[in-house]
Amino acid sequence: MKENDTGMDLFFEPGSVAVIGASNTVGKIGYKLMDNIVSGSYEGKLYPINPRDPEVFGMKAYKNITEIEGPVDMAVIAIPATFVLDEVEKCAKKGVKFLVMITSGFSEAGNIELERKVIKAARDGGMRVLGPNIFGLYSSRVSLNATFGPKGVKKGSVAIITQSGALGIAMIGMTATEGIGLSSIISVGNKGDLDEADLLDHLAEDVNTKAIMAYIEGITRGERMLESLRRVTRKKPVIVIKSGRSRRGAMAAASHTGSLAGSDEVFDAVMRQCGVLRAENLEEGFNWLKFIADAPLPSGKDTVIVTNGGGIGVMATDACEKYGIELLDEPELMRNIFSSSMPSFGSCKNPIDITGQASEVNYKDALLAGLESDRVHAMMALYCQTADFDKASYSEMITLIHNEYMRKHKPIAYSLVGGEEVSECIKELRSRGIPAFQGVYEMVSCFGALYRFRENLLREEQERVSIDTGSIQIGKIVDAALADGRDFLLSHEARAVLEAAGIPTPKSRIAHTIEEAMEAAEMIGYPVVMKIVSRDILHKSDAGGVALDLEDQEEVMDAYQLIIRNARNYDPHARIDGIEVSEMVHKGLETIIGARRDRSFGPILMFGLGGIYVEVMKDVSFRALPISRGEAISLLKEVRSYPLLLGVRGEESKDIEALIDSMMRVGSILSSVKRITDIEINPLFVYERGKGVKVVDIRIMVARDREV
Ligand code: ACO
């Protein structure tokens, strides 16, 4: 077996293909498939299978796949769903390796059991299945167009994986108009067996593929997909378009983490974590795809904007800030490079404004000057239409410039603003494979994607650690709660979990009488906090079950009686498990750490600053677990209120080390004890540097059907 063998070579390079359901009837999918395979000049052997016609497309047709003499690597199935199982069994007998199951009418239509049976039969027969419910597969390696989409797919270096069939077909059309050549396009449909992860792993190694785009609707087996994305994005750019930015996926809000973790926010954060370039829409995705597939990688981060209009220069500067692009900012150097190619009243401050009075020659000279300087790593060429704009000569000049930049492996893109002539010029340039855009933002966003891909390539993989958090001891606490019929831990149990994991919690004891409460307070030291402990009262404050800042024995006595009375009034049947007496924690910067099991991605970690930042501004972010220390730091930095941790208005910076340690430990608890479904520390006070953190309130949810 060769190195990095993903077992998918034959899938992309089948030597022989049978079409089950091949038809002579124009308009049938079995006809279109044959037409595409034949007119696409498939390089392998093609076997039509049809029980009625002895000949299909002028070729001998077989009644049954088992009648074929030679081997069959792939069978494309396009017959009604009810007949598929029989044919799959025959394919297994024949020793087929891959099935491309076009047929609909399986799980997407509620026929889950039929799909399960068909997939099982295929897997038992040693086959892998693409689909069902797909438009098929195109692979340039053997010129196989086994789709019922358009003919004449242009060969190239871009791979597309799509969950939506109809959109996939439309995408083939879009690649043709955009002049994008494909190495493959694969429709995954119901993902009964093969999914994006299988394909990505292979495409990462595929020498014909330079960039990958995936259109995703829903994620199954998300943890596996993330692993594969992490690997692939370190080699090739992966652009993902996911539909549905709704919050529907959010779990019923048992905790903040649940309600804040809307499916799209989580998807967005974990895609970023994995180095995926997430495009807002198809148009943006295609712009990035085309640009990244063709552009050389910049050798550094210093970008220069050359413009003949101040206004668009400012717009581009704003866009650069949004996309994190660094503009070269060395006035002396810029003057040396550019002053000879502009009028005296131009500006040598990046953006280089050669002004509207500059001639085409000036413009060309400025771009060439940027090309010649090793200090300029990438160029953005902006152009505002001027009175003497000449479409033909401008296109020629840009084509020449572009070729020079490509020859020197320096990325460049163009944004042209103007009327009809300018639009035609853009069209002309694009048809020549030159990245010319109408909008400044579109152009800058392409550079943003290119730079993020470059970061992926340079990123050092840090070890993702799972700290030993005393999982055996924690497991016992969880078991006791489950045995008690609960799906949550009482506060002293939750505290014990965090203590076992090495997360600083306040000193605390459970009291069952006034005397015990007073004794506990003496031991802990005043002031203390008292809280009701009841499996029937989740929202303690609402029930009047919390008393803060108790200074002496008398106050503790009064508070004890009051809390019991309030709890009885709130719910006369509530079981009271005691009153927790705790150290009154002095105030620090409020933060929230949450961890939960996401339906798509498995264990995830959430961080945010507490109070209004989380309540009002929903200023939180997420990472899939386990994480490296570097990922924990990037999670902190992603929240908008992060500067508060660094100290503002003369305040000292906060103990970020201790905060990261607690985050990593919370993550490790969730990763190692599978019966814990949610952990939320809210708030966690963070003190000044060196002074640590302290948990104030904890909520832990548990479920029986998971294993430690
Ligand atoms: N073995 C071989 N050939 C067979 C078999 C068999 N067991 N049974 C039937 N056939 C032949 C038929 O005789 C027919 O050929 P003919 O035209 O010479 O008579 C051919 O296979 C097709 O069979 P039909 O019964 O005519 O089926 P039809 O073509 O109407 O539908 C299809 C089959 C297309 C697979 C349909 O069931 C289906 O699933 N359609 C939806 C496909 C789809 O949309 N997929 C998702 C794409 S993604 C998107 O949204 C675009």
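As the structure is a computational prediction, the values presented were derived from the model and not from experiment.

The rules we used
Each chain carries its own residue numbering, running from 1 in the direction its sequence is written. Where local features are concerned, this predicted model is filtered to residues with pLDDT of at least 70; where side-chain atom pairs are given and counted, the filter is 80 or more; whole-chain, interface and lining totals use all residues. Water and hydrogen atoms were dropped before computing side-chain values, which therefore reflect all heavy atoms in the structure. A single heavy atom is enough: if one lies within 4 Å of a molecule or strand, its residue is considered near that molecule or strand. Distance and chemistry together define a polar contact, namely a pair of N or O atoms within 3.5 Å, with one atom able to donate a hydrogen and the other to accept it when in protein, and with adjacent residues in sequence counting only for side-chain atoms on both sides. For the area figures, the Shrake-Rupley method with a 1.4 Å probe applies, and any residue is considered shielded solely by the protein chains shown. Strands here mean DSSP runs of E at least two residues long; helices mean DSSP runs of H or I at least four residues long; both are numbered from the N terminus. Just so you know, the domain bounds were taken from an automatic or database domain assignment. Type-normalised accessible area, obtained with a 1.4 Å probe on protein chains alone, sets the label of each residue: buried when under 20%, exposed when over 50%, and partly exposed for intermediate values. When charges are counted, neither His nor the chain ends are considered; positive counts come from Lys and Arg and negative counts from Asp and Glu. What counts as a salt bridge is simple: a side-chain nitrogen of Lys or Arg found within 4 Å of a carboxyl oxygen of Asp or Glu. Between two residues, a contact is recorded if the distance between any of their heavy atoms is within 4.5 Å. Put simply, a nonpolar core is a bunch of buried Ala, Val, Leu, Ile, Met, Phe, Trp, Tyr and Cys residues held in one set by side-chain atoms that sit within 4.5 Å of each other. Only when DSSP finds a minimum of two bridges between them are two strands counted as paired.

Enquirer: Help me get a handle on the site of the ligand, residues and values and all.
Expert: Inspection of the region around the ligand gives 24 residues, with Ser 23, Lys 28, Asn 50, Arg 52 and Ser 104 positioned closest. At 2.8 Å from an oxygen atom of the ligand is found a side-chain nitrogen or oxygen belonging to Asn 50. The separation between a nitrogen atom of the ligand and a polar main-chain atom of Ile 134 is 3.5 Å. Here the ligand, which alone exposes 1,000 Å², has 75% of that area covered by the protein. Among the elements that take part in the shell around the ligand, helix H5 (residues 165-178) stands out by supplying three residues, more than any other. Split by domain, the residues of the shell around the ligand number at least three in each of domain 1 (1-134) and domain 2 (154-279).

Enquirer: Please set out the side chain of Lys 540 residue by residue, giving values where relevant.
Expert: Here Lys 540 lies in the loop between strand S21 (528-533) and strand S22 (546-550). No salt bridge is formed by the buried Lys 540; its nearest oppositely charged neighbour, Asp 697, is found at 4.1 Å. In this structure Lys 540 touches Ser 491, Lys 531, Ile 532, Gly 545, Val 546 and Asp 697, once residues within four positions along its chain are discounted.

Enquirer: Help me get a handle on the nonpolar core, residues and values and all.
Expert: If you look at the biggest cluster of nonpolar residues, it comprises 59 residues, and the most contacted ones within it are Phe 11, Val 19, Leu 130, Leu 144, Ile 161, Ile 186 and Phe 601. When residues in this core are grouped by element, the largest group, five residues, is from helix H9 (residues 263-273). Not counting the four nearest positions on each side in its chain, Leu 144 is found in contact with Pro 14, Val 17, Ile 37, Tyr 42, Met 74, Leu 137, Tyr 138 and Ser 139.

Enquirer: Help me get a handle on the sheet that holds strand S19 (residues 436-437), residues and values and all.
Expert: Across the sheet, five strands lie side by side as S16-S15-S17-S18-S19; this open sheet has parallel pairing. Looking at which strands have only one partner, the edges of the open sheet turn out to be strand S16 (352-353) and S19. Pairing of strand S18 (residues 412-417) with S19, which is carried by two bridges, proceeds in the parallel orientation. Residue pairing across strands places Tyr 414 opposite Ala 436, the latter belonging to S19.

As far as function goes, none of this settles anything; it's purely spatial.
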